[in-house]
Amino acid sequence: MRLLFFAGSTREGSYNKKLARLAHHIAEANGIEGVFVDLKDYPMPLYNADLEAADGPPREAREFKALLGEYQGVFIASPEYNASVTPLLKNTIDWVTRVRAKGETGLEVFQSRVFGIGGASPGYYGGMRSLLTLRQILSVGTGALVIPQQIAIPRAANAFEEDGSLKDEAQQKLATGTIEALAIAARKFAAS
Ligand SMILES: Cc1cc2nc3c(=O)[nH]c(=O)nc-3n(C[C@H](O)[C@H](O)[C@H](O)COP(=O)(O)O)c2cc1C
């Protein structure tokens, strides 16, 4: 069982990349194999049905979908833009759902693994509204299994230690519990 970690931001100093990296670190510290990837390595144009009709999904969407398929559990750290997910994250998910072989819905890769979510924001709510939206996109939109536990890090500018851990002990525990729960669920789901 292996976990994939990524964030819905490509910003150099992204708090959500920090959170995804921390989640990866927590997994490794608990003997759970995983990898962190940066969406900047999978640049995709803004979805447009004319583009799709002309050329099909971009190579990066195919590659990212193939990558998702290699991991039994996926953790997404989701920034909050205007009470929702970033266009980057939504666009990535949208393109991936359009990569499909004949007879496929395109949602198979979401429905055959387990997702965990978290968010970090400089505001007071820790990206909570982004998490609600992402939960809806994944659960309702793609039919994915999303574990109930989640991580929300408010005041993110001041939340992380130099070593990437969380200054607040309770938050660090919450993050650890969420990643452990994701690993347990992904293991069970993969075995079922
Ligand atoms: C267009 C835009 C809208 C934003 N809206 C929100 C918001 O609704 N709630 C919030 O907590 N932060 C909001 N922010 C601030 C982001 O949380 C902040 O830029 C954060 O650093 C983005 O995540 P990142 O650090 O992972 O790139 C917004 C930022 C932008 C650029």
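Here is what the cut-offs are and how they apply
Residues numbered from 1 in each chain as written. Predicted model: local features only at pLDDT ≥ 70, side-chain atom pairs only at ≥ 80, totals over all residues. Heavy atoms only, no water. Helix = DSSP H or I, 4+ residues; strand = E, 2+ residues; numbered from the N terminus. Polar contact = N/O pair within 3.5 Å; in protein donor to acceptor, adjacent residues only side chain to side chain. Contact = heavy atoms within 4.5 Å. Axes fitted to C-alpha atoms, helices over the stretch in contact; angles between N-to-C directions. Parallel < 35°, antiparallel > 145°, perpendicular 65-115°, else oblique. Nonpolar A, V, L, I, M, F, W, Y, C, P; charged D, E, K, R; others polar. Near = heavy atom within 4 Å. Core = buried A, V, L, I, M, F, W, Y, C linked by side-chain atoms within 4.5 Å. Buried < 20%, exposed > 50% of the residue type's maximum accessible area, 1.4 Å probe, protein only. Pairing = 2+ DSSP bridges. Right-handed = clockwise from strand over helix to strand, strands pointing away.

## Focus: the side chain of Arg135
Argument step 1. Along the chain, Arg135 turns up in helix α6 (residues 128–142).
Argument step 2. Looking at Arg135, its side chain comes within polar contact range of the main-chain oxygen of Pro148, at 3.3 Å.
Argument step 3. Arg135 has contacts with Ile117, Val140, Val146, Ile147, Pro148, Gln149 and Gln150, leaving out every residue within four places of it along the chain.

## Observations concerning the packing of helix α4 (residues 87–97) against α6
Argument step 1. As a packed pair, α4 and α6 sit with axes 12 Å apart at the nearest point and diverge in direction by 10 degrees. If you check the angle between α4 and α6, you find them roughly parallel. Together, Leu89, Lys90, Ile93 and Thr97 of α4 and Leu134, Ile137, Leu138 and Thr142 of α6 make up the contact between the two elements.
Argument step 2. Of the residues assigned to the contact of α4 with α6, the class counts are five nonpolar, two polar and one charged.

## So, the site of the ligand
Argument step 1. Taken together, the neighbourhood of the ligand is formed by 13 residues, with Ser9, Ser14, Glu80, Asn82 and Ser121 sitting nearest.
Argument step 2. Within the side chain of Ser9, a nitrogen or oxygen atom sits 2.8 Å from an oxygen atom of the ligand.
Argument step 3. At 2.7 Å, a backbone N or O of Asn82 approaches a nitrogen atom of the ligand.
Argument step 4. Taken together, the residues that form the shell around the ligand break down as five nonpolar, five polar and three charged.

## Some remarks on the environment of Gly106
Argument step 1. Mapped onto the secondary structure, Gly106 falls in the loop between α4 and α5 (108–111).
Argument step 2. What Gly106 contacts, discounting residues up to four positions off in sequence, is Lys65, Val96, Thr97, Val99 and Arg100.

## Thoughts on the nonpolar core
Argument step 1. Judged by nonpolar contacts, the single largest core of 30 residues is most densely connected at Phe6, Phe64 and Leu138.
Argument step 2. Only β1 (2–7), α3 (59–68), β3 (73–77), α4, α5, β4 (114–120), α6 and β5 (145–153) provide two or more residues apiece to this core.
Argument step 3. With near-sequence residues (within four places) excluded, Phe6 lies in contact with Ala20, Phe36, Val37, Leu39, Phe64, Leu68, Val74, Phe75, Ile76, Ala77 and Leu89.
Argument step 4. Core analysis: the second largest hydrophobic core is formed by 28 residues, Ile26, Phe75, Ala120 and Ala181 among them.

## Overview of the pairing of β1
Argument step 1. Across the six residues that make up β1, a large majority, five, are buried.
Argument step 2. Pairing geometry for β1 and strand β2 (residues 33–36), over four bridges, is parallel. Paired with Leu4 across the bridge in β2 is Val35.
Argument step 3. Regarding topology, helix α1 (residues 15–29) serves as the crossover connection from β1 to the parallel β2, and that connection is right-handed.

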